[in-house]
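Chains, contacts and geometry: an overview
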Amino acid sequence: MHESPYWDPYRVDITQNPYPFFKRLREEAPLYYNEEYDFYAVSRYDDVKRGLSEHQTFISSRGGILELMRAGVEIPKGVFIFEDPPLHTVHRGIVARMFTPRRINGLEEQIRALTRRTLDRLVGREEIDFIADVGAVIPMAVIGMLLGIPEEDQQRVRQITDARMRTKEAGKPLDYSSGFQLAMGFEEYLDWRAEHPSDDVMTELLNVEFTDEQGVRRKLTREELVTFCNVLAGAGNETTNRLIGWTAKVLAEHPDQRRLLLEQPELIPDAIEEVLRFEPPAPHVGRWIARDTEFQGQRVPAGKPLMCLVGAANRDEEKFPDGERFDIRRERRVPHLTFGTGIHTCIGNVLARMEGRIVLEELLARFPEWEVDLERARLIQTSTVRGWETLPAWVGKGPRRSVHPAPNPAEETAGTEGDAPPSHIAGAWRIVVQGPTGPMPTTLRLVDRDGALMGEQSGEGGTSPVEGASYDPATGEIRWQNRIERPMRLTAHFSGTVRGGRMAGEVKVGFIGKFPFTGERLEEGA
Ligand code: HEM
């Protein structure tokens, strides 16, 4: 029997290569209904475009992520990617000040200098990781530039936040380990900037007067500003990181086209456009169907999620002939939908394109060729973003040999000294959950009180005590749970396996869903 096409955003075999599934949906079920998760999906270009742009029928305020929409989670005010007019119009209007062509073009030199510094450090190495060494570094620093945090201030703010951290109650430090956003702390920066006004975006935003949705003329609250910063970091960091990964991966697989870019660097913007079409970092965007409508001549009822399959639309043969082929010289008759369309069109699209272009230009200038090591690369999909979490690549000139040989599975099961379960688990661990909106770093502190494990876990959502913790040194199995207060009260159940100084597993967060996490030991404790 001919099985009907199937798609959901969670199945790992689909995520690995969703394109054959997308093709079948376009051809056999252009209006698709998934019974298991009770949502609709559209895959043809015109339908996806309509889903994204008819904002009164397909609304954003239930959240653009399937599990958020299904759970009916309340979205904090100011997260305007998940808002509808009139609130969305007000909030987007304020943030749009940061994205004027003058401001964005003004960043080009700074981004280039940052990229050069970042890549120069890699020259001479035989192997690099496109994510750890490039993708995880540049987009986050660019958000800092966008918010107008000058480099000399970054140092000063770091000193202030470090000093504040030292005065904090013992055992309750902020998590400073995961890069720029947390290292700077938007809250701290805003407070500091309020006391030290200057000619920058933040000072402007602190002083801006606007008319809110209730017609009241006022300034932004500190909380609103922090939310905006986090929305920008959340929407612009992970996605651009994945764009960098896809650029490296796809060009490594098309060396002829990469060579062409060396000969004709003016084609680099076209190459970025084609990578965006071919491997969109956000392959599906969700909406809530607010009133009865139709797709493909069939009735679609209000009150269900609609998944707009951008990754499928971008390869619709009707609009992109030979759409499954990567071709930087393709004639672009219609735009891809990678940045969405309509009132929610990605506000950072010019910036993301610029970052992609600069990174590729500077990359080719230093490493004309590279070969990715797909055996050791890891692809992840959160509920919003699909891309490489690690992408090791051989950039050496001589014949390829792996600098860090791939782990031997036989050896792993036998357990060498380095990867055996540790005898004690107490200490500080950096735990990163791959949550629905991207990686969520936290610090887990465990103490052993006469065989009973206790402690706390702190991250952006605050600090909460760890409950029901257990660890078995014979197997390396660990379990614990804690309570999350924001965006709502939920219990998170962690379970995983510890090997050496690392752990990995899964966290079940209330009814929202299950997410993978990884952990790394920061320090040993008693
Ligand atoms: C390759 C990189 C990027 C991709 C693929 C991407 C993708 C998207 C998509 C598909 C949307 C529309 C969501 C919807 O219709 O519900 C969106 C919106 C948004 N993006 Fe991006 N984005 C990228 C980079 C950035 C950057 C660099 C920033 C900022 C620094 C940013 C900030 C935003 C914001 C604030 C919104 C919400 C706009 C609104 O709701 O009005 N994005 N992005």
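Check the entry above for the structure.
Position numbers for residues count from 1 along each chain, tracking the sequence in the order it is written. Residues qualify for local features only when their pLDDT is at least 70, as the model is predicted, and side-chain atom pairs are given and counted only at 80 or more; totals for whole chains, interfaces and linings, by contrast, use all residues. Each side-chain value is derived from all of the structure's non-hydrogen atoms; neither hydrogens nor water enter the calculation.

**Some thoughts on the coordination of the iron atom of the ligand**
One donor from the polypeptide reaches the iron atom of the ligand: Cys 346 (SG), at 2.3 Å. A helix here means a DSSP run of H or I that spans at least four residues, while a strand means a run of E at least two residues long, and both kinds are numbered starting from the N terminus. As for its position among the elements, Cys 346 is in the loop between α17 (310-313) and α18 (349-366). Sodium, potassium and calcium take a 3.2 Å donor cutoff, other metals 2.8 Å, and in both cases only N, O and S atoms count; water is not among them, so sites may look incomplete.

**A short note on the packing of helix α14 (residues 222-252) against helix α16 (residues 268-278)**
Across the interface, α14 lies against α16 with an axial gap of 10 Å and an inter-helix angle of 100°. Judged on the interaxial angle alone, α16 and α14 are roughly perpendicular. Note on element contacts: α16 touches α14 through Ile 272, Val 275, Leu 276 and Phe 278, opposite Leu 243, Trp 246, Thr 247 and Val 250. When residue character is reported, Ala, Val, Leu, Ile, Met, Phe, Trp, Tyr, Cys and Pro are called nonpolar, Asp, Glu, Lys and Arg charged, and the others, Gly included, polar. Each residue belonging to the contact of α14 with α16 can be placed in one class, and the counts come to seven nonpolar, one polar and no charged. Structural elements are reduced to axes, namely lines fitted to C-alpha atoms, with helices fitted over the stretch in contact, and the angle between N-to-C directions of any two is expressed from 0 to 180 degrees. Angles below 35 degrees are treated as roughly parallel, those above 145 as roughly antiparallel, those between 65 and 115 as roughly perpendicular, and all remaining angles as oblique. Contacts are assigned to residue pairs with any non-hydrogen atoms lying within 4.5 Å of each other.

**As for the site of the ligand**
Looking at the ligand, there are 27 residues lining it, with His 88, Arg 92, Arg 287, His 344 and Cys 346 nearest. What qualifies as a polar contact is a pair of N or O atoms within 3.5 Å, subject to a donor-acceptor requirement within protein and to the restriction that residues adjacent in sequence count only when both atoms come from side chains. Between the ligand and the protein, one listed contact pairs an oxygen atom with a side-chain N or O atom of His 88 at 2.6 Å. Measuring from an oxygen atom of the ligand, one finds a side-chain N or O atom of His 344 at 2.6 Å. Counting only elements with at least two residues in the shell around the ligand, the list comes to α5 (87-95), α9 (138-146), α14, β7 (285-289) and α18. Looking at the shell around the ligand, the element that brings in the most residues is α14, giving six residues. Looking at the shell around the ligand residue by residue, the classes come out as 17 nonpolar, eight polar and two charged. Being near a molecule or strand, for a residue, comes down to having at least one heavy atom within 4 Å of it.

**Quick word on the nonpolar core**
One finds Phe 130, Leu 147, Leu 261, Leu 360 and Trp 370 to be the most contacted residues of the largest nonpolar core, which totals 84 residues. Here this core gets 14 residues from one element, more than from any other, and that element is α14. Discounting chain neighbours no more than four positions away, the residues touching Leu 261 are Leu 251, Leu 267, Ile 268, Ala 271, Ile 328, Leu 360 and Leu 364. Take the buried residues of types Ala, Val, Leu, Ile, Met, Phe, Trp, Tyr and Cys, join any two whose side-chain atoms come within 4.5 Å, and each joined set is a nonpolar core. For each residue, the accessible area found with a 1.4 Å probe, counting protein chains only, is set against the maximum for its type, and the residue is called buried under 20%, exposed over 50%, and partly exposed in between. Listed in part, the 21 residues of the second largest apolar core include Ile 425, Trp 429, Ile 431 and Tyr 471.

**Concerning the environment of Leu 267**
Mapped onto the fold, Leu 267 is located in the loop between α15 (255-263) and α16. Among all residues touching Leu 267, those that are not within four sequence positions of it are Leu 260, Leu 261 and Arg 329.

**Some details on the packing of aromatic side chains**
Whether two aromatic rings pair depends on their centres lying within 6.5 Å, for rings of Phe, Tyr and Trp, where Trp uses its six-membered ring; planes under 30 degrees apart make the pair stacked, over 60 edge-to-face, and the rest tilted. Overall, the coordinates contain 16 aromatic pairs when judged by the stated rule. Ring geometry for Phe 278 and Phe 326: centres 5.5 Å apart, planes at 65°, overall edge-to-face. Of this pair, Phe 278 sits in helix α16 while Phe 326 sits in the loop between α17 and α18, placing them 48 residues apart in sequence. We note that Phe 278, like Phe 326, is buried. By way of ring pairs, the aromatic residues Tyr 6, Trp 7, Tyr 19, Phe 22, Tyr 32 and Phe 39 are connected into one cluster. Between the NZ or CZ atom of Arg 50 and the centre of the ring of Phe 295, over which it lies, the distance is 4.4 Å. Residue placement shows Arg 315 over the ring face of Phe 278; its charged tip is 3.9 Å from the ring centre. For a lysine, the NZ atom is tested; for an arginine, the CZ atom; a charge sits over a ring if that atom is within 6 Å of the ring centre and within 35 degrees of the ring normal.

**Some remarks on helix α7 (residues 108-120)**
Since the α-helix packs 3.6 residues into each turn, any two residues three or four apart lie on the same face. Relative to the 18 Å expected for 13 residues at 1.5 Å per residue, α7 spans 18 Å between its end C-alpha atoms, a close match to the ideal helical length. Residues of α7 that are buried include every one of Ile 111, Arg 112, Leu 114, Thr 115, Thr 118 and Leu 119, and no others. The buried residues of α7 all sit within an arc of 165° when viewed along its axis, so they share a single face. Where α7 is buried, its residues meet α8 (130-135), α9 and α18. For a helix, the expected span equals 1.5 Å multiplied by the residue count minus one. Relevant arc is that of directions from the helix axis to the C-beta atoms, nothing else.

**Structural notes on the sheet that holds strand β14 (residues 392-394)**
Strand order in the open sheet formed by three strands is β4-β14-β11, with antiparallel pairing between adjacent strands. The open sheet has two edge strands, β4 (127-129) and β11 (371-372), and neither has a second partner. Two strands qualify as a pair provided DSSP detects at least 2 bridges between them. Sheet analysis places β4 next to β14, joined by three bridges and oriented antiparallel. In the sheet register, Asp 129 faces β14, and the bridge partner there is Pro 392.

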